[in-house]
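Observations on the three-dimensional arrangement
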Amino acid sequence: MNPYVLAILLSSLGLGTTLTFASSHWLLAWMGLEINTLAIIPLMAQHHHPRAVEATTKYFLTQATAAAMIMFASTTNAWITGEWDMNNMSNSIASTMIITALALKIGLAPMHFWMPEVLQGLDLLTGLILSTWQKLAPFALIVQTAQAVDPMLLTALGLASTLVGGWGGLNQTQLRKILAYSSIAHMGWMIIVLQYAPQLTLLALGTYIFMTSAAFLTLKTSSATKINTLSMVWSKSPILTTTTALVLLSLGGLPPLTGFMPKWLILQELAKQNLPITATIMALAALLSLYFYLRLCYAMTLTISPNTTNSTTPWRTQTTQSSLPLTLATTIALGLLPMTPAILMLAT
């Protein structure tokens, strides 16, 4: 892609998200979401592969549906209350519609069906943008409107997402689909605690972004998109294989890695709020996700070559990718747990 066009598209992505962050008016927030969607579409379809074009079409249709729902709900709210302010969502139907539309935008269950299919059709870097940056703007709106929404709806969305994210990833061999289900499960953890401690939601979002970035950049470095290919990586870069296994365990939420911090604090908060059953279901759903991360770790570090694979072996070629972003993301994804007290002080 032409570097000037790429610069315009990436700056538009930034502009759309910033506009949504900064707005307290529904029309401006909607405009930011639309700029965001339109900017990523050419990036998704840039390889002109039929699968990429199909994924782009699916993404466009789901995002356009969600944007239309947001527009309809905010217009309804403005018609009833007489103002477009986000903090004045007194109409329960409008607020429920808006949270449903935003759930569709970020891929919360049961509105998650587009997410694995779309991510599977994209290259790894665009998939990284879709899994991290594209979640920020809708999440900002969810955080702002969550207090006006029925708590049972948020709890149902959170529980459904963690369960679907865990079950869905069990049967997959494609790494991008596994990361898509991982994303759905993490979104569930963020939504479940939003009504009780929004700062924990933002903490979970921050750690999720770094862990997912580390995972995607590792796969990009080793040109791996299937579990088969992953099992051949250790002979080329053993250190990368070791750190990848740790990043995957961090995504699963095992101590002493960063991924344990948000899960621990969220379960603690749910217990404080007298929700032991919800906390238990969340912890058990995390075990489902942990199973498929362990499966990837097993394939990477415990299967030895020669093993039979029908795929080509792209790992022989030297990569031209800068290793600094991967190093930074991996370090943060592995080593932040000892800083939990300091992060909590900053968050509260």
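Residues numbered from 1 in each chain as written. Predicted model: local features only at pLDDT ≥ 70, side-chain atom pairs only at ≥ 80, totals over all residues. Heavy atoms only, no water.

Here we look at the domain arrangement of the protein chain
In many reports, interface size means the accessible area that the parts give up when they come together. When its domains are assigned, the protein chain resolves into domain 1 (1–124) and domain 2 (150–307 + 324–347). The straight-line distance from the C-alpha centre of domain 1 to that of domain 2 is 24 Å. The interface is formed by 18 residues belonging to domain 1 together with 22 residues belonging to domain 2. Among the residues domain 1 hides against domain 2, the three largest losses belong to Leu108, Gln120 and Leu124. Together they make up 40% of the total. On the surface where domain 1 and domain 2 come into contact, there are one salt bridge. Lysine 177 is paired through a salt bridge with glutamate 117; the nearest N and O atoms lie 3.5 Å apart. Linking domain 1 with domain 2 are four residue pairs in polar contact (both at pLDDT 80 or more). With five residues, the single largest contributor to the side of domain 1 that touches domain 2 is helix 5 (residues 114–120). Of the residues belonging to the side of domain 1 that touches domain 2, the class tally is 12 nonpolar, four polar and two charged. (Domains from an automatic or database assignment. Contact = heavy atoms within 4.5 Å. Buried area = accessible area lost by both parts, 1.4 Å probe. Salt bridge = Lys/Arg side-chain N within 4 Å of Asp/Glu carboxyl O. Polar contact = N/O pair within 3.5 Å; in protein donor to acceptor, adjacent residues only side chain to side chain. Helix = DSSP H or I, 4+ residues; strand = E, 2+ residues; numbered from the N terminus. Nonpolar A, V, L, I, M, F, W, Y, C, P; charged D, E, K, R; others polar.)

Details of helix 9 (residues 175–192)
Along an α-helix, residues three or four positions apart point the same way, because every turn accommodates 3.6 residues. In this model, helix 9 (18 residues) spans 26 Å end to end at C-alpha, consistent with the 26 Å of a helix rising 1.5 Å per residue. With 18 of 18 residues buried, helix 9 is to be regarded as a mostly interior element. (Expected span 1.5 Å × (residues − 1). Buried < 20%, exposed > 50% of the residue type's maximum accessible area, 1.4 Å probe, protein only.)

A few points about unusual backbone geometry
Where the residue is not glycine, phi is negative for most of them; where a peptide bond is considered, it is trans in most cases. Here the bond from alanine 109 into proline 110 is cis, since omega is 0°, no more than 30 degrees from zero. Among the secondary structure elements, proline 110 is positioned in the loop between helix 4 (92–106) and helix 5. For the peptide bond that leads from proline 255 to proline 256, omega is 5°, which places it in the cis range. Assignment of secondary structure puts proline 256 in the loop between helix 12 (238–252) and helix 13 (260–272). The backbone of histidine 48 shows a phi angle near 55°, a positive value even though the residue is not glycine. Relative to the helices and strands, histidine 48 resides in the loop between helix 2 (26–44) and helix 3 (50–81). Judged by its relative accessible area of 66%, histidine 48 falls in the exposed class.

Considerations on the UniProt feature "transmembrane region" (unreviewed entry) in the protein chain
Feature annotation in UniProt assigns "transmembrane region" (unreviewed entry) to the following positions: residues 57–80, 92–113, 152–171, 178–196, 202–219, 239–257, 277–294 and 326–347. From the first C-alpha to the last, residues 277–294 spans 26 Å; its make-up is 100% helix and 0% strand. (UniProt positions renumbered as here; feature names shortened; annotations may be inferred.)

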